[in-house]
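# Structural overview for review
Below are the chains, spelled out letter by letter.
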Amino acid sequence: MVEISLKDLTKSFDDELVIDSLDLTIKPGELVALLGPSGCGKTTTLKIISGLLVPDAGDILFDQESVLSVSAETRGAVLVFQEYLLFPHMNVADNIGFGLKMRGESKENIHKRVTELLELVSLTGYEEDYPHELSGGQRQRIALARSLAINPQVLLLDEPLSNLDANLREEMQNLIRNLHVEENMTTIFVTHDRDEAMLMADRIAVMNEGQIEQYGKPEKLYKKPETKFVADFFGKTNYIKGRIEAGKFHFMNSYLSVSNEVTTFNIEEYEGKTIEAMIRPEFIEFITNDYEEKQDKKLYLSGTISERRFVGERVFYQIDIGEQILRVTTLPQFSLSIGDEVNMKINLENIWFME
Ligand code: ATP
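Below is a summary of the structure that appears in this document. (Residues numbered from 1 in each chain as written. Predicted model: local features only at pLDDT ≥ 70, side-chain atom pairs only at ≥ 80, totals over all residues.)

Turning our eyes to something else, we now look at the overall build of the chain. Scanning the chain from terminus to terminus reveals eight helices and 20 strands. Projected onto its principal axes, the C-alpha positions of the chain cover 75 × 45 × 35 Å. Across the chain, the fraction of contacts at a sequence separation of at least 24, relative to all contacts at a separation of at least 6, is 67%. (Helix = DSSP H or I, 4+ residues; strand = E, 2+ residues; numbered from the N terminus. Contact = placed C-beta atoms within 7 Å.)

Shown next as structure tokens:
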């Protein structure tokens, strides 16, 4: 299994900087998602790793060795694009075995590998079928199998699931995870769908304007984002502004003790200054009676429901707390209506303080 390191990568098209001093290391056998908005440089990064594009500056290392001078064909990385194209005049077995045939492998070896791959993608028995006889999902699985035939060490997937309906998408997500494990590949996939990135990836690299904004485990990015860009990319959230006094965060008539574990910065340097608390809507709890005994590990707020949207398994509320509107998401167990007064609490471990 290969470790991939990108060092200070830079790439421009027509004087427009698209990849800007990008650094990223993917551990051997890891499945990493490159997540970011359209045009941030995800596909360009994959093409550079695969060898299809040459960076203007910087280096790409596979297991600590530069592959800059290694051609795309011999780099051991295969790039699978969104559009899975199969040869229409070849049957499934010939499509999958194509790369091996080009390499001059024996018929026996090709047959063995094709059989193995068809089993991996759960399409045993389809050897003789032609692409037009298959469903869209089956064609995608065959195309994936074809990409894997030559035993790539690195699998690069560019928005592999974006054209699929929800059911097929889930099936392919599982398939890609399984293939990644069974074939011992270091895998990078590009997506602009945060749920997909969280579901599939060991770690996510969030990209913005040609740079990595933050790189880490899905839960960390969601709960402890280093920038607002990352916080907002992972869903709608609340920011409330308060002052730090004697190490405590003061907001309206409530306060909280703040330690460095829940901040992006050193709290001592922020004495007397205003900071923002980032609170995800689902971490705000309604409390039915008046304030419970106050503790400085919880923030207590009260307000009036100004909007309520029922979407089945969840209810989205907007709560007017005087200074601002808070978003709150709950399970549908409360019978609350617009205009109702509510008390709320938030546990310190569910608050993340940002500059
Ligand atoms: P998307 O999610 O929309 O595919 P992306 O994050 O993958 O976006 P890239 O395809 O890497 O983004 O493109 C980044 C920027 O580089 C875009 O502004 C794009 O127009 C530009 N770009 C990409 N390839 C070329 C090229 N061959 N020539 C000129 N500009 C290009």
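From this point on, the discussion continues.
Taken in spatial order, the six strands of this open sheet run β6-β7-β8-β3-β9-β10, and their pairing is mixed. The strands lining the two open edges of the sheet, one partner per strand, are β6 (77-80) and β10 (211-216). Neighbouring strand axes in the sheet, compared pairwise and without regard to direction, differ in orientation by 20° on average. (Pairing = 2+ DSSP bridges. Axes fitted to C-alpha atoms, helices over the stretch in contact; angles between N-to-C directions.)

Taken together, Phe13, Asp14, Val18, Gly36, Ser38, Gly39, Cys40, Gly41, Lys42, Thr43, Thr44 and His192 are the residues near the ligand. Take the shell around the ligand: its biggest share by element is three residues, from helix α1 (residues 42-50). Of the residues that constitute the shell around the ligand, the class distribution is three nonpolar, seven polar and two charged. (Near = placed C-beta within 6 Å. Nonpolar A, V, L, I, M, F, W, Y, C, P; charged D, E, K, R; others polar.)

As a further point, take the sheet that holds strand β20 (residues 351-354). On the basis of which strands lie adjacent, the open sheet formed by five strands has the order β13-β12-β11-β14-β20 and antiparallel pairing. Strands with a single pairing partner mark the edges of an open sheet, and in this sheet they are β13 (254-257) and β20. If you compare each strand with its neighbour and ignore which way they point, the axes differ by 35° on average. Relative to β20, strand β14 (residues 274-279) is paired through four bridges, and the arrangement is antiparallel. Paired with isoleucine 279 across the bridge in β20 is isoleucine 351.

Here the focus is the pairing of strand β8 (residues 186-191). Across the six residues that make up β8, a large majority, six, are buried. Two elements, strand β7 (residues 154-158) and β8, share five bridges in a ladder whose sense is parallel. By the bridge assignment, valine 154 is partnered in β8 with threonine 186. (Buried ≥ 20, exposed ≤ 12 C-beta atoms within 10 Å, placed from the backbone.)

Judged from the five bridges that link them, strand β9 (residues 203-208) and β10 form a sheet pairing that is antiparallel. Within the sheet, the bridge partner assigned to methionine 207 lies in β10 and is isoleucine 212. What sits between the antiparallel neighbours β9 and β10 is a turn of two residues, in which glutamate 209 has the positive phi angle 45°.

Two numbers describe how helix α4 (residues 136-148) lies on helix α5 (residues 166-182): the axes approach to 11 Å, and their chain directions differ by 15°. Judged by the angle between their axes, α4 and α5 are roughly parallel. For α4 against α5, the interelement crossing comes out right-handed. Contacts between α4 and α5 involve Gly137, Gln140, Arg141, Leu144 and Leu148 on the former and, on the latter, Leu168, Glu171, Met172, Leu175 and Leu179. (Parallel < 35°, antiparallel > 145°, perpendicular 65-115°, else oblique. Left-handed = near helix turned anticlockwise from the far one by under 90°.)

This part covers the nonpolar core. Grouped together as the largest cluster of nonpolar side chains are 83 residues, with contacts concentrated most on Ala33, Ala145 and Leu156. Both domain 1 (4-232) and domain 2 (236-354) contribute no fewer than three residues apiece to this core. (Core = buried A, V, L, I, M, F, W, Y, C linked by C-beta atoms within 7 Å. Domains from an automatic or database assignment.)

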